[in-house]
Amino acid sequence: MYEPPQEKVDLVKLESNVGLHGILNRAKGCLDCLDDDYSDSKVELESLQSRLVAGQFRLAVLGQFKRGKSTLLNALLGDNLLPTDILPVTAIPTYISAAEKIDVQVSFDTDIEPVQFPMTPDQSLGDFLAEYVTEVGNPNNQRQVKQVDIGHPAEILRQGIVLIDTPGIGSTHKHNTEVAYQVLPQCDAALFLVSPDPPITEIELDYLKEIHQRLPRTFFLLNKVDFLDEKEKSTSLRFLADQLAPLYDGAPLVLPISARKGLNARLTGDIDGWKNSGMQQVEQNLIDFFAREKQQILQDSLKRRTCDQLNSINMQLQLSLSALMLPEEELKQRIGQFRQSLPDVEREKQAAEDVLSGDLKRVVGRLNTEVETVRVRAKEKIMGQLENYVQSIADTEEMERLVRETLAYEIPVFFAPAMRKVADIVRAEATELLTLHQQRGNRLIEQVRKIAAELFDIPYHAPSVGRSYTMFEVSDWSNDLFISDMDPLGQRISRKFLTQKYRRKRTVNRLREEGHKLLSQNVEQINWSLRRGLDENYRQFGAELTDQLEKTITATRKAMEVALQRSESQVHETASREIKLQQALGQLQEILKEVEQ
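Keep in mind that this is a model prediction, so the values were computed, not measured. (Residues numbered from 1 in each chain as written. Predicted model: local features only at pLDDT ≥ 70, side-chain atom pairs only at ≥ 80, totals over all residues. Heavy atoms only, no water.)

### A short note on unusual backbone geometry
Across residues other than glycine, the phi torsion is negative in most instances, and most of the peptide bonds are trans.
Thought 1: A positive phi angle, close to 60°, is found at Gln-144, a residue other than glycine.
Thought 2: Relative to the helices and strands, Gln-144 resides in the loop between helix H4 (125-133) and strand S5 (145-152).
Thought 3: Positive phi values are uncommon outside glycine, yet Lys-224 reaches one of about 65°.
Thought 4: On the secondary structure map, Lys-224 appears in the loop between strand S8 (218-222) and helix H7 (230-248). (Helix = DSSP H or I, 4+ residues; strand = E, 2+ residues; numbered from the N terminus.)

### Quick notes on the pairing of strand S3 (residues 103-108)
Thought 1: As paired strands, S3 and S5 are joined by six bridges and run antiparallel to one another. Looking at S5, one finds that Phe-108 is bridged to Val-145.
Thought 2: Of the pairings in the sheet, the one linking S3 to strand S4 (residues 115-116) comprises two bridges and is antiparallel in character. Paired with Gln-105 across the two strands is Gln-116, which belongs to S4.
Thought 3: The antiparallel pairing of S3 with S4 creates a hairpin that spans six residues between the two strands. (Pairing = 2+ DSSP bridges.)

### A few points about the packing of aromatic side chains
Thought 1: For the coordinates displayed, the defined rule picks out 10 aromatic pairs.
Thought 2: Taking 6.2 Å as the distance between ring centres and 55° as the angle between the ring planes, the aromatic pair formed by Phe-192 and Tyr-207 counts as tilted. Of this pair, Phe-192 sits in strand S7 (residues 189-194) while Tyr-207 sits in helix H6 (residues 202-214), placing them 15 residues apart in sequence.
Thought 3: Given a relative accessible area of 0%, Tyr-207 falls into the buried group.
Thought 4: Centre to centre, the rings of Phe-414 and Phe-415 are 5.0 Å apart; their planes meet at 85°, and the pair counts as edge-to-face.
Thought 5: By relative accessible area, which is 5% here, Phe-414 ends up buried.
Thought 6: The class of Phe-415 is buried, set by a relative accessible area of 0%.
Thought 7: Among the aromatic residues, those joined into a ring-pair cluster are Phe-57, Phe-219, Phe-289 and Phe-290.
Thought 8: Just above the ring of Tyr-132 sits the side chain of Arg-143; from NZ or CZ to the centre is 4.9 Å.
Thought 9: The ring of Trp-274 carries Arg-266 above its face, with NZ or CZ at 4.4 Å from the centroid. (Phe/Tyr/Trp six-rings, centres within 6.5 Å; stacked < 30°, edge-to-face > 60°. Buried < 20%, exposed > 50% of the residue type's maximum accessible area, 1.4 Å probe, protein only. Lys NZ or Arg CZ within 6 Å of the ring centre and 35° of its normal.)

### Let's talk about the packing of helix H2 (residues 39-54) against helix H11 (residues 294-325)
Thought 1: Close contact between H2 and H11 brings their axes to 11 Å; oriented N to C, the two are set at 170°. Here H2 is positioned roughly antiparallel relative to H11, judged by the angle of their axes. Our pair here, H2 against H11, has a crossing hand that is left-handed. Side by side, H2 and H11 meet where Ser-41, Glu-44, Leu-45, Leu-48, Arg-51 and Leu-52 of the first sit next to Leu-298, Gln-299, Leu-302, Arg-305, Thr-306, Gln-309, Leu-310, Ile-313 and Gln-316 of the second.
Thought 2: Among the residues forming the contact of H2 with H11, the class breakdown is seven nonpolar, five polar and three charged. (Axes fitted to C-alpha atoms, helices over the stretch in contact; angles between N-to-C directions. Parallel < 35°, antiparallel > 145°, perpendicular 65-115°, else oblique. Left-handed = near helix turned anticlockwise from the far one by under 90°. Contact = heavy atoms within 4.5 Å. Nonpolar A, V, L, I, M, F, W, Y, C, P; charged D, E, K, R; others polar.)

### Some words on the environment of Leu-267
Thought 1: Secondary-structure assignment places Leu-267 in helix H8 (residues 259-268).
Thought 2: In the structure, Leu-267 is positioned 190 residues away from Leu-77 in sequence and 10.0 Å away in space, judged by C-alpha atoms.
Thought 3: Once residues within four sequence positions are removed from consideration, Leu-267 is found in contact with Gly-78, Asp-79 and Asn-80.

Below is the structure:
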């Protein structure tokens, strides 16, 4: 990857980083004399230090799926680089940094070696990326791609900026939403993209609450304004400002843009088109922000993360030291007490699972109620029109034609918004209940840590930020609504063999039966799709809670049992290790005081 040339101003920036750089060096030095139990902590500190030295500022493009995030990035880069629109992007974050020429590397969660873009005439860059970052090429991330790193010569990247393309929240692929939340701790600021189709949603507002807590600066863009007239654009901007005002103690600036037109203008060298698309203003605002605030925000961001990491190491050191200093018999006794506390934890876990099961039943009950409401409304609206034709039209062919046309038109018009409305209601209720359950789960996990802290007389430090629940998402339903051929025999054939009275009676009964059948099928489609999504989300949530709790118990028990193993089989080394732990703990606590000032 390309490293920007060092100028005189960089010396000033380096001076501002000396304090934190030195703190990270000293923290790593504290752990040098300890064993592999702290290797993961050292890796985290080294990662923070690497970012500090590189001065890389990570600017993420965030938002709901299909808002135009990849198109916006392509416009900023002046290159049709990232796959857009046609292929849904999978849960793979893409990091774009400065390079002399385009360079792409795909990294994996497995031992597979990273893959480089071959730069051959046989395959375009877009086709190469599509194999790894789209649902078509890599469904559900079956290739186990960790991330994609792209080097690019765009001018905006040469200030030490890394642009991050993230999966959209709220899509039919739940893993996309999860990764969109997981990438937030890696970001320093964000471009948040919305569009009028539809206006900002409850899912996006919940996501913004999380962003607001984690990131010091967010820029807001209203995309796709080229599809609006001036009145519609003003209305959309006012609506968006009203929705954002409660989160930000006043309406933040929202820039109207057309990323699509901006990209076309950059590709064709159309200066006026670039300005008229709104992208020129976005670019200028970013350049001004980088010049004024980038370094301070990066410094503050890395300082907070350093503090969190040092607190985590501090607690681990205290537990290890306390366990090591206890006489063998007393250590065995406290390990026994910890084990005796686990059945109580297990009972509380079972109670939490029972509450989760009850919550699922309540949401399913709400789903059933809403589905029945849709069923009643569908009968009133659609079957009412069908009855008007049946009662008023004598000619069976004309009746057949009008009923078919009405059902073909009214079913999608009625059921598409009905599906969205029921999904929004169910999503809101499920998310509220699961958020409460996550809080109960967090308290249960913290209970295990408190027990260990009390047993070993360690000050307890609650985590600064608890794990957040990544909102319930419903599975997608088919857009192919049930529309059938109304008369298999055909009116013209039946006219030859049946009397007019019998033919009309038969047609009326069949149309009524078919109409009720179509409504029932579409209603059940809503019910089945949402119920499937609920079952899957609640099942996965319960499994994740169990996994979190087991990991906490295992890690806590391991710290105790490692100390016991040393006291039993390596008595002569215990005193030496105790001294090392005390020295590391004392040095680390001094460093923590310095960071927290």
